[in-house]
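Read off the chains here:
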Amino acid sequence: MRRSIARALALLLALTLVAACSDDGGGEGGGTGGDDGGTTDQVTAPADYVEGLCTAVGDFQDDLEQQSTEFQNAFGSGAPSPEEAKDTLATFVSDLSTRTQQLIDDVQALGTPDVDNGDEVRTALTSAFERVVEAFDQAEADIEALSTDDPAALAEGFTEVGTQLQEAGTDISAS
């Protein structure tokens, strides 16, 4: 049960990460600056934009790995009660949503890449990540709505949430 949800979350996040960061073609420039996380009219050199994006995504991935480890450790070797399992999973998904919103803020702070259709590039990235936040928020609400009275039904509910996250990941990836 935990593994299927963790796999669904990992798939959703993996499908939204930027492939450019696996290339070594980063720029020379330093930080690109930005404002308080809102949309900015700043135009950023392409190399600086990619460098900032890769840094933001790398930090995001590192944080997700840490959160995933903490999630797995929360259960330890024992079997949690249904209430503990539900609370732990809801908190984990909420934390993922919060961290993904932070990534959106980091991407917006980079400004607009100085390329043809730079606004569209920035919008496409932030829109994809916003859809991830929406999927996490919906998953959290669905988890919170589950009853802990029947452990088998709870497990089935967790599986359904995992399936919904996988489907959301597929939809986001296709866009």
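Attention here is on the structure that accompanies the text. The shown structure was predicted, so the numbers you read here are calculated from the model rather than taken from an experiment. (Residues numbered from 1 in each chain as written. Predicted model: local features only at pLDDT ≥ 70, side-chain atom pairs only at ≥ 80, totals over all residues. Heavy atoms only, no water.)

### Details of the nonpolar core
Put simply, the test is: Grouping buried Ala, Val, Leu, Ile, Met, Phe, Trp, Tyr and Cys residues that are joined through side-chain atoms within 4.5 Å yields what is termed a nonpolar core. Only protein chains enter the accessibility calculation, which uses a 1.4 Å probe. A residue is then buried if its area is under 20% of the maximum for its type, exposed if over 50%, and partly exposed in between. What counts as a helix is a DSSP run of H or I of at least four residues, what counts as a strand is a run of E of at least two, and both are numbered from the N terminus. It only takes one pair of heavy atoms within 4.5 Å for two residues to be counted as in contact.
One finds L53, L89, L103, V107, I143 and F158 to be the most contacted residues of the largest nonpolar core, which totals 34 residues. At the level of elements, α2 (46–75), α3 (82–109), α4 (118–145) and α5 (151–174) are the ones that each hand at least two residues to this core. What V107 contacts, discounting residues up to four positions off in sequence, is Y49, L53, L125, T126 and F129.

### Description of the packing of α2 against α3
Stated formally: The axes are straight lines fitted to the C-alpha atoms, using for helices just the contacting stretch, and the angles between their N-to-C directions are given from 0 to 180°. When describing relative orientation, an angle under 35 degrees is termed roughly parallel and one over 145 degrees roughly antiparallel, while 65 to 115 degrees is termed roughly perpendicular and anything else oblique. Think of it as three bins: nonpolar holds Ala, Val, Leu, Ile, Met, Phe, Trp, Tyr, Cys and Pro, charged holds Asp, Glu, Lys and Arg, and polar takes everything else, Gly as well.
Orientation of α2 relative to α3, taken along the N-to-C sense of each, is 170°, at an axis distance of 10 Å. In terms of orientation, α2 lies roughly antiparallel with respect to α3. A breakdown of the residues in the contact of α2 with α3 according to their chemical character gives 15 nonpolar, four polar and five charged.

### Quick look at unusual backbone geometry
Not every positive phi belongs to a glycine, and N117 is a case in point at roughly 60°. Among the structural elements, N117 can be located in the loop between β2 (112–113) and α4.

### Some words on the pattern of salt bridges
As a reminder, the rule being used: Note on definitions: salt bridges are taken to be side-chain nitrogens of Lys or Arg within 4 Å of carboxyl oxygens of Asp or Glu.
Scanning all chains against the criterion turns up two salt bridges. Taking the shortest distance from any N to any O, the salt bridge between R99 and D63 comes out at 2.5 Å. On the criterion of sequence distance, the pair formed by R99 in helix α3 and D63 in helix α2 is long-range, its members being 36 residues apart. The class of R99 is buried, set by a relative accessible area of 5%. The class of D63 is partly exposed, set by a relative accessible area of 28%. Of the charged contacts in the structure, one is a salt bridge between D119 and R122, with a shortest N-O distance of 3.8 Å.

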